[in-house]
Amino acid sequence: IVVISMVDAEADLLQNLLWLMLMGLAIGVVIIVPVGHYLAKRAMVPIRESWGKQQQFVADASHELRTPIAGIYNNAELIMRNQDKTVAEESKRIGAIMSEAKRLSKLIAGLLTLARADAGRGELNLRRLDIGELVETSAEAFQALEEFNQVKVNINVDEDIFINADEERLRQLMVIILDNAVKFTPPGGRVNVECRRADKGAIISVADSGIGIAAEDLPYIFDRFFRNDKARTASGGTGLGLSIAKTIVEQHGGKLAVYSNQGEGTRVEVIL
């Protein structure tokens, strides 16, 4: 038995399907190429930003390192030119060399701390400690300098607040915050240091009546080498203090916030 069937309709259907597939492929290519390009550019944004920040950091570090080195070299050269003078007569230049060397050492230590943290090698030596006692002893060191700084330091600390933390790093954190508070508070001002018990840890607050920070500068205060304000630039700091402080707090899984109004003072709050 021979059965003859017409397959023209099926052939037309397959032909139409082929054209639809080709059209879909063409439209897909037209859409995918620009969309892929857009997504690739979006994906490259954080990489470019990171690269730009790295380049800026290297440039800023080079500039900051060049300044004390130039000061040391210039003063040493002047001493060599006047070899007939005594040490007492050259004490001013020798003092300048020592000051620049100290600043250089502080800068290198700060850069090393940040580099280790960036590389994930900033290991913490965690142990159970009384954070209230640590805050109190750190503040008392600045309280002892009231006569020199003419800034009153008030301390209000809750007792027996125990957390697991790196004692050395937290002391470094407190020194950075307290040093900034005292440094940028004019004579006759005050600095209030508090440590309160929180639900699962502690809240440290350092509030001063100093010069404050401009609103437009607040978003950048944790950037490395940021020293926009003239009074802050003249203080002789390295511009790394708050960057290191933020790194220490983040390593402990905490939060650091700064609240300030220009001319009204600054409050730094650390939650651990």
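The structure this text deals with has already been given above.
Being a predicted model, the structure only gives us computed values, none of them experimental.

## Examining the overall build of the chain
And step 1. Along its length, the chain carries 7 helices and 7 strands.
And step 2. Counting from the amino terminus, helix and strand elements in the chain follow one another as α-α-β-α-α-β-β-α-β-β-α-α-β-β.
And step 3. Against the globule reference of 19 Å for 272 residues, the chain gives a C-alpha radius of gyration of 31 Å, more extended than a compact globule.
And step 4. If you line up the chain on its principal axes, its C-alpha atoms span 125 × 60 × 40 Å.
And step 5. Each of the 272 residues in the chain was classed as buried or not, and the buried ones make up 31%.
And step 6. In the chain, the proportion of contacts linking residues at least 24 apart, taken out of those at least 6 apart, comes to 70%.
And step 7. Carbon and sulfur atoms make up 58% of the accessible area of the chain, which totals about 17800 Å².

## Thoughts on the packing of helix H3 (residues 131–143) against helix H5 (residues 167–183)
And step 1. Running from N to C, H3 and H5 point in directions that differ by 40°, and their axes come no closer than 10 Å. In this view, H3 runs oblique relative to H5, as classed from their interaxial angle. Crossing of H3 over H5 shows right-handed handedness. From H3, Ile-131, Leu-134, Val-135, Thr-137, Ser-138, Ala-139 and Phe-142 reach across to H5, where they touch Glu-167, Leu-170, Arg-171, Met-174, Val-175, Leu-178, Asp-179 and Val-182.

Cut-offs and rules
- In this convention, every chain numbers its residues from 1, walking through the sequence in written order.
- The model is predicted, so local features are restricted to residues of pLDDT at least 70 and side-chain atom pairs to those at 80 or more, both for listing and for counting; the totals for chains, interfaces and linings are taken over all residues.
- By convention in this description, side-chain values take in all heavy atoms of the structure and omit both hydrogens and water.
- Secondary structure elements follow DSSP: runs of H or I no shorter than four residues count as helices, runs of E no shorter than two count as strands, and numbering proceeds from the N terminus.
- What the globule rule says is 2.2 Å times the number of residues to the power 0.38, and the radius of gyration is computed from C-alpha atoms.
- Buried residues are those whose accessible area, probed at 1.4 Å on protein chains only, stays under 20% of the maximum for their type, while exposed residues exceed 50% and partly exposed ones sit between those limits.
- Contacts are assigned to residue pairs with any non-hydrogen atoms lying within 4.5 Å of each other.
- What sets the accessible areas is the Shrake-Rupley method with a 1.4 Å probe; for residues, cover comes only from the shown protein chains.
- Here an axis means a line fitted to C-alpha atoms, over the contact stretch when the element is a helix, while the angle between two N-to-C directions is reported on a 0 to 180 degree scale.
- Throughout this description, any angle smaller than 35 degrees is read as roughly parallel, any larger than 145 degrees as roughly antiparallel, any in the 65 to 115 degree range as roughly perpendicular, and the remainder as oblique.
- In this scheme, a crossing is called left-handed if the near helix is turned counterclockwise away from the far one by less than a right angle; it is called right-handed if the turn is clockwise.

Fair warning: the whole summary comes from geometry, so function is off the table for now.
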